[in-house]
Amino acid sequence: MTTDFYTWRMLGDGHAALLPLSDETPSAGPIWLHLNFAQPETHEWIRAQTDLDVTVQDTLLAEVTRPRALILDQGLLLTLRGINHNPGQEPDDMVGIRLWITPRRIISTHLRPLRAVNTLQRDMETNNAPKDAGQFVTRLVELLNDNMLDTIEEIDELTDNYEKAMLKSDETEPVSDRDLADLRTMILTLRRYLGPQRDALFSVVGSHLSWVKKGSVQRLREAENRLTRYIEVLDASRDQMRIIQEQMQTRSNNELNKQLTFLTALSAIFLPLTFITGLFGVNIAGIPGNQSPSWAFFAFTLLLTAIAGLLIYLFKRARLF
């Protein structure tokens, strides 16, 4: 089930009950309210919650957010990003979720569907719900990390394939500029959000919130470590991309230099030949062979051929060809 509005009452034993939005009956576990902030009723409902700080309200309704964590008393204001798995969307166009978490109530807002949230809904339906708010945060973060794995591995594999193509091929551009640009854009976009997301998790781990139990803290540390590994993969891929581009630029410059050298050598060969033919083409008396046309042209052609051959031999020895 995936809807824009719902309220789950977690019973504290893995079970959960779906309630109307207005029903916040106390239970052994927290109540989770998930809302689409693009709907007017969401704005009205959140602004009507007088127990919510203005900062919390503004963040829950913000259209653009970056990952961060803010501790207010015993509440946690958390904004996170996940890979975009929606049809027709790019993975690096990451989907945001905004959360206000207390021991008794969890409010989350979204604009676009997020796979991790859908998985949490199914957990609620199948009696595999988190038992407390700390487990809820941990489970959500782990799901976000799980859903990133395929994209991170794809980036790592593509980068390795591009590097192998550079090593195996002698072509100037064995990889198209468009492919490199698309991959580089994806890496930079993911890196832009995953860095702050790791910092946010680090803040949660070090917050010492009373309702985040020791087991949840340990799992959050592992999730932070896993996110760090993802960032290291992205950084390594970014560095590999830079090396690949430098190699392609070097090959392109070398090819251009070869062509310029060839043209220079060609010009150097024909320059003396042009000078000699121009000199002998002057229509004045005294030109050698002018009175003996029967053998002069043959001798002149042989002379030009010998000069050209000598120049080619010298340029070959100088490795200009």
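Everything here concerns the structure above.
This one's a predicted model, so the numbers in the text were calculated from it and none came from an experiment. (Residues numbered from 1 in each chain as written. Predicted model: local features only at pLDDT ≥ 70, side-chain atom pairs only at ≥ 80, totals over all residues. Heavy atoms only, no water.)

Novice: Any chance you could explain a nonpolar patch on the surface here in plain terms?
Specialist: A surface patch of nonpolar side chains, amounting to about 560 Å² of accessible area, comprises Leu256, Leu260, Phe262, Leu263, Leu266 and Phe270. For Leu263, the position within the fold is in helix H6 (residues 214–280). (Patch = residues over 30% accessible without salt bridge, like charges linked within 9 Å, V, L, I, M, F, W, Y side chains within 5 Å. Areas by Shrake-Rupley, 256 points an atom, 1.4 Å probe, with all protein chains shown as cover. Salt bridge = Lys/Arg side-chain N within 4 Å of Asp/Glu carboxyl O. Helix = DSSP H or I, 4+ residues; strand = E, 2+ residues; numbered from the N terminus.)

Novice: Hey, could you run me through the pairing of strand S6 (residues 95–101) in this one?
Specialist: In summary, the side chains of a regular strand alternate between the two faces of the sheet. The buried fraction of S6 is high, at seven of seven residues. Two elements, S6 and strand S7 (residues 105–110), share four bridges in a ladder whose sense is antiparallel. In the sheet register, Leu99 faces S7, and the bridge partner there is Ser108. What sits between the antiparallel neighbours S6 and S7 is a turn of three residues. (Buried < 20%, exposed > 50% of the residue type's maximum accessible area, 1.4 Å probe, protein only. Pairing = 2+ DSSP bridges.)

Novice: In this structure, what is going on with the sheet that holds strand S5 (residues 75–82)? I would like to understand it.
Specialist: Strand order in the open sheet formed by seven strands is S2-S1-S3-S7-S6-S5-S4, and the pairing between neighbours is mixed. Where the open sheet ends on each side, the last strands, each with one partner, are strand S2 (16–19) and strand S4 (68–72). Along the sheet, successive strands turn relative to each other by an average axial angle of 15°, direction set aside. Along the sheet, helix H1 (residues 40–47) contacts strand S3 (31–36) and S7; its crossing angle with S3, the most-contacted strand, is approximately 135°. (Axes fitted to C-alpha atoms, helices over the stretch in contact; angles between N-to-C directions. Contact = heavy atoms within 4.5 Å.)

Novice: Looking at this model, I keep getting lost on the packing of aromatic side chains. Mind explaining?
Specialist: How two aromatic rings sit relative to each other is set out by the distance from centre to centre and by the angle between their planes. Inspection of every chain in the model, using the stated rule, returns one aromatic pair. Measuring from centroid to centroid gives 5.0 Å for Trp32 and Phe136, while their planes differ by 65°, and the two rings are edge-to-face. Residue Trp32 is located in strand S3, and its partner Phe136 is located in helix H4 (residues 133–168); the two are separated by 104 residues in the primary sequence. No difference in accessibility class separates Trp32 from Phe136, as the two residues are buried. (Phe/Tyr/Trp six-rings, centres within 6.5 Å; stacked < 30°, edge-to-face > 60°.)

Novice: Explain a negative patch on the surface to me, please; I cannot follow it from the model alone.
Specialist: On the surface, a cluster of negative charge is made up of Asp150, Glu153, Glu154, Asp156 and Glu157. Among the structural elements, Glu157 can be located in helix H4. (Lys, Arg positive; Asp, Glu negative; His and termini not counted. Charge placed at Lys NZ, Arg CZ, Asp CG, Glu CD.)

Novice: Can you walk me through H1 in this structure?
Specialist: Residues spaced three or four apart along an α-helix point in a common direction, a consequence of the helix completing one turn every 3.6 residues. Turning to H1, its buried residues number three or more, namely Thr42, Trp45 and Ile46. For H1, the arc enclosing every buried residue in end-on projection is 95°, short of the 170-degree limit, so these residues lie on one face. Across H1 from its buried face, at more than 90 degrees, point the exposed residues Pro40 and Glu44. (Arc of directions from axis to C-beta.)

Novice: Is there a simple way to think about the pairing of S3 in this case?
Specialist: For S3, the tally of buried residues reaches six of six residues, placing the bulk of the element in the interior. Going residue by residue along S3, you find Ile31, Leu33 and Leu35 tucked away on one face and Trp32, His34 and Asn36 tucked away on the opposite face as well. Bridge analysis of strand S1 (residues 6–10) against S3 gives four bridges, and the strand direction is antiparallel. Paired with Arg9 across the two strands is Ile31, which belongs to S3. In this structure, S3 lies alongside S7, joined through six bridges in parallel fashion. Residue Ile31 lies in a different strand from S7, and its bridge partner there is Arg105.

Novice: Whenever I open this one, H4 confuses me. Can you help?
Specialist: When the terminal C-alpha atoms of H4 are compared, their 53 Å separation across 36 residues agrees well with the 52 Å that a helix rising 1.5 Å per residue should span. Leu149 marks where H4 bends most, by close to 35°. The residue sitting at the N-terminus of H4 and contributing the capping side-chain oxygen is Asp132; that oxygen lies 3.1 Å from the backbone nitrogen of Gly134. (Expected span 1.5 Å × (residues − 1). Bend = angle between axes of the 7 residues up to and from the residue. Polar contact = N/O pair within 3.5 Å; in protein donor to acceptor, adjacent residues only side chain to side chain.)

Novice: Got a minute to help me understand the packing of H4 against helix H5 (residues 177–205) in this structure?
Specialist: When two helices pack together, their arrangement is given by the angle between the helix axes and by the axis-to-axis distance. H5 packs onto H4 with a crossing angle of 145° between their chain directions and a minimal axis gap of 11 Å. Pair H4 / H5 crosses with left-handed handedness. Each of Val141, Leu144, Met148, Thr151, Ile152, Ile155, Leu158, Thr159 and Tyr162 in H4 lies in contact with H5, whose residues at this interface are Asp179, Leu180, Leu183, Met186, Ile187, Leu190, Leu194, Gln197 and Leu201. Here the contact of H4 with H5 is composed, by residue class, of 14 nonpolar, three polar and one charged. (Left-handed = near helix turned anticlockwise from the far one by under 90°. Nonpolar A, V, L, I, M, F, W, Y, C, P; charged D, E, K, R; others polar.)

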